[in-house]
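# Topology and contacts: notes
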Amino acid sequence: MKIDSDDGVLRLTFDRPDALNALTTETADELADAIEGATPETADVIVITGAGDAFSAGGDLESLAETPGSSADAYEEVTETFGRVVEAMLECPVPIVAKVNGDAIGAGLSIVALADIAYAAADATFSCAFVRVGLIPDTGGTVMLPHIVGLRAAKKLAFTGEFFDAERAADLELVNEAVPAAELDDRVAETVDGLANGPTATIGMMKQAMHENLGRSWDDALDYENLLQAQARTSGAHEEGVTAFLEDREPKFE
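To start, this report covers the structure provided alongside it. (Residues numbered from 1 in each chain as written. Predicted model: local features only at pLDDT ≥ 70, side-chain atom pairs only at ≥ 80, totals over all residues. Heavy atoms only, no water.)

## Here's the deal with the packing of aromatic side chains
Tallied over the entire structure, the rule returns 2 aromatic pairs. Between Phe14 and Phe55 the ring centres are 5.6 Å apart and the planes differ by 85°, which places this aromatic pair in the edge-to-face class. Here Phe55 lies in strand β4 (residues 54-56) and Phe14 lies in strand β2 (residues 9-14), a separation of 41 residues in the sequence. The pair formed by Phe14 and Phe55 is uniform in burial state, with each residue classed as buried. Consider the rings of Phe126 and Phe164, whose centres lie 5.8 Å apart with planes at 15°: the pair is stacked. Here Phe126, found in strand β8 (residues 125-127), pairs with Phe164, found in strand β9 (residues 163-165); they are 38 residues apart in sequence, far enough to count as distant. The exposure class assigned to Phe164 is buried, which follows from its relative accessible area of 7%. (Phe/Tyr/Trp six-rings, centres within 6.5 Å; stacked < 30°, edge-to-face > 60°. Helix = DSSP H or I, 4+ residues; strand = E, 2+ residues; numbered from the N terminus. Buried < 20%, exposed > 50% of the residue type's maximum accessible area, 1.4 Å probe, protein only.)

The structure is reproduced here in structure tokens:
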């Protein structure tokens, strides 16, 4: 995995273009490590993309051919690799943007679903392809996919492993927008610049509240929302935002 950081933007690039950026357990570890290390003090926004013509073709099938010795071994392997990616992305206090430059298959699709914002090249292809190799969706696929596209649509995508285009992905809200490939960099840069100039810690609290409240009761969700809002109300970002509004100027968040 290629890791670059510049002007508050942490760029993580799957860098196995000859293998369509298929994900090994080592790649999963590197991705989780990089995301776990990101804080509002070290990064304003994270961008995940792929080198070459694909975002990611999913799990590396050559690696999967090495069957674990037991179900317990398999559980430990999945939990400590792709499971770490899920926890890192959901808990990261920095917004994550997926720049889907090409095909997103299997775990590649799941990572797109885990991102906070996603844009896809119009010629990208998607598939929740786990069923094609006798697996259930992982890397958070059984959790995030139903929340994003709805339970019935998620079942069809998972049960059939069908392939679909970026426009369909946008219709399903798996990505925010499908754009011509030549415009993808500019569209992502526009969003990244806006996020980088925003109150990163406050955005992190928004994300935390939304994710934590996915499985909470209505009362508990509102109480947790109120708790985080109280923290936001006493932050420097809120003070600057109000001051800028009263002074009729753009806020300058640190």
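Next comes the rest of the description.
## Side note on the pattern of salt bridges
Under the counting rule described, the total for this entry stands at 12 salt bridges. As a salt-bridge pair, Glu212 and Arg216 come within 3.5 Å of each other at their nearest N and O atoms. Arg249 is paired through a salt bridge with Glu247; the nearest N and O atoms lie 2.7 Å apart. According to the relative accessible area criterion, Glu247 is partly exposed, its value standing at 49%. Each of the salt bridges in this network shares a partner with another, and the network as a whole consists of Asp29, Asp33, Glu36 and Arg84. (Salt bridge = Lys/Arg side-chain N within 4 Å of Asp/Glu carboxyl O.)

## Digging into the sheet that holds strand β1 (residues 2-6)
The strand order across the open sheet formed by 6 strands is β1-β2-β3-β5-β7-β10, and the pairing between neighbours is mixed. In this open sheet, the two edge strands, each paired with only one partner strand, are β1 and β10 (177-179). Neighbour-to-neighbour, the strand axes of this sheet turn through a mean angle of 20°, independent of strand direction. Of the pairings in the sheet, the one linking β2 to strand β3 (residues 45-50) comprises 6 bridges and is parallel in character. Considered in β3, the bridge of Val9 is made with Val45. Along the sheet face, helix α1 (residues 25-36) touches β1, β2, β3 and β5 (96-100) and points at about 175° away from the line of β2. (Pairing = 2+ DSSP bridges. Axes fitted to C-alpha atoms, helices over the stretch in contact; angles between N-to-C directions. Contact = heavy atoms within 4.5 Å.)

## A closer look at the pairing of β5
Of all 5 residues in β5, 5 are buried; the element is thus mostly enclosed. Here β3 runs beside β5; their pairing, made up of 3 bridges, is parallel. Looking across to β5, one finds that Ile46 is bridged to Ile96. In the sheet, β5 pairs with strand β7 (residues 117-121) via 4 bridges, with the strands oriented parallel.

## Looking at the layout of surface pockets
In this structure, the second largest pocket occupies an estimated 530 Å³ of space. Put simply, the parts of the chain that give the lining of the second largest pocket at least two residues each are α5 (107-114), β7, α6 (141-149) and α10 (200-212). Classifying every residue of the lining of the second largest pocket by side-chain character gives 16 nonpolar, 3 polar and 3 charged. (1 Å grid on protein atoms, 1.4 Å probe; cavity = no way out; pocket = protein on both sides within 12 Å on 5 of 7 lines; lining within 4 Å. Points joined across faces, edges and corners; volume = space filled by probe spheres on them. Nonpolar A, V, L, I, M, F, W, Y, C, P; charged D, E, K, R; others polar.)

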